[in-house]
Structure formats: C-alpha cells, structure tokens
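Examination of the molecular architecture
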Amino acid sequence: MRQDDMKRVMIAGGLFIIGVVMAVISWIILPDAVSMQFKGWQTGVPAFPKFMAVLIAFGFSSAFSVLSVKYEEGVKYTFIGYGLHVLYWICNL
C-alpha cells in the first residue's frame, strides 16, 4: 500500500471514530424527542425521535468519512454530520 493511500485510510478512520464518539454523546445527552429549532423560535415544527436524529447525523458523518478514502471532498462533507450533532446539542440542551 502506498504512503498516500495509508494516509487517506488513517484520516478516514479518525473521522469515523470522531463520528462514533459524537453519536454516543448525542445518544446520552439528547432527550427522547429531538427539536431542530432554537428555544426562542418556536414555529410549531414537531420534534422527532432521538434514534432518527442520531442515525441521520451519524449516517452523514460515517458515509462521507468512508468515501473520503477515494474522494478528497468526503472530508469536507463529513463535517455536515458533525454539524448536525452540534446543532442538536445546541437546540435541545
């Protein structure tokens, strides 16, 4: 395996592990019904189950971290999943 390929695999593995850690933290700290809006901006949007919130954010981060082995842009898109986790934390804590 070439040095460049090994570096890409290591980066992808690190990104994946970060996604797993963020998913576990989300599972522990989020309420059963997750809201996607800030406290002061109640617009009547219904909350959705914690399982779906964690699954969506983890799905983005894990899928793009795996794709980052072949496609360099995958690293940037991995941050979508990370951002979703952070947004859930801010809106629900």
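Below or above, wherever it landed, is the structure these notes cover. (Residues numbered from 1 in each chain as written. Predicted model: local features only at pLDDT ≥ 70, side-chain atom pairs only at ≥ 80, totals over all residues. Heavy atoms only, no water.)

With 18 residues, helix 2 (residues 50-67) should cover 26 Å at 1.5 Å per step; its first-to-last C-alpha distance of 26 Å lies within 8% of that length. Along helix 2, the residues classified as buried are Lys50, Ala53, Val54, Ala57, Ser61, Ser62 and Ser65. (Helix = DSSP H or I, 4+ residues; strand = E, 2+ residues; numbered from the N terminus. Expected span 1.5 Å × (residues − 1). Buried < 20%, exposed > 50% of the residue type's maximum accessible area, 1.4 Å probe, protein only.)

A separate point is the nonpolar core. One finds Leu15, Met22, Ala23, Leu30, Val34, Ala53, Val54, Ala57, Tyr82, Leu84, Tyr88 and Trp89 forming the largest nonpolar core, which totals 12 residues. Among the elements of the structure, helix 1 (3-29), helix 2 and helix 3 (74-92) are those that each provide at least two residues to this core. Discounting chain neighbours no more than four positions away, the residues touching Tyr82 are Leu15, Ile18, Gly19, Met22 and Ser61. (Core = buried A, V, L, I, M, F, W, Y, C linked by side-chain atoms within 4.5 Å. Contact = heavy atoms within 4.5 Å.)

This part is about the pattern of salt bridges. What the rule picks out here adds up to 3 salt bridges. Across the pair Arg2 and Asp5 runs a salt bridge, and its minimum N-O distance is 3.7 Å. Note on Arg2: relative accessible area 54%, which makes it exposed. The class of Asp5 is partly exposed, set by a relative accessible area of 30%. (Salt bridge = Lys/Arg side-chain N within 4 Å of Asp/Glu carboxyl O.)

We now examine a nonpolar patch on the surface. A contiguous nonpolar surface patch, about 880 Å² in accessible area, is contributed by Phe16, Ile17, Val20, Val21, Val24, Ile25, Ile28, Ile29, Val66 and Leu93. Note on Val20: relative accessible area 34%, which makes it partly exposed. (Patch = residues over 30% accessible without salt bridge, like charges linked within 9 Å, V, L, I, M, F, W, Y side chains within 5 Å. Areas by Shrake-Rupley, 256 points an atom, 1.4 Å probe, with all protein chains shown as cover.)

What follows covers helix 3. The terminal C-alpha atoms of helix 3 lie 28 Å apart, and with 19 residues this matches the ideal 27 Å at 1.5 Å per residue to within 8%. Residues of helix 3 that are buried sit in contact with helix 1, strand 1 (33-34), strand 2 (48-49) and helix 2.

Taken by themselves, the reported measurements are silent on function.
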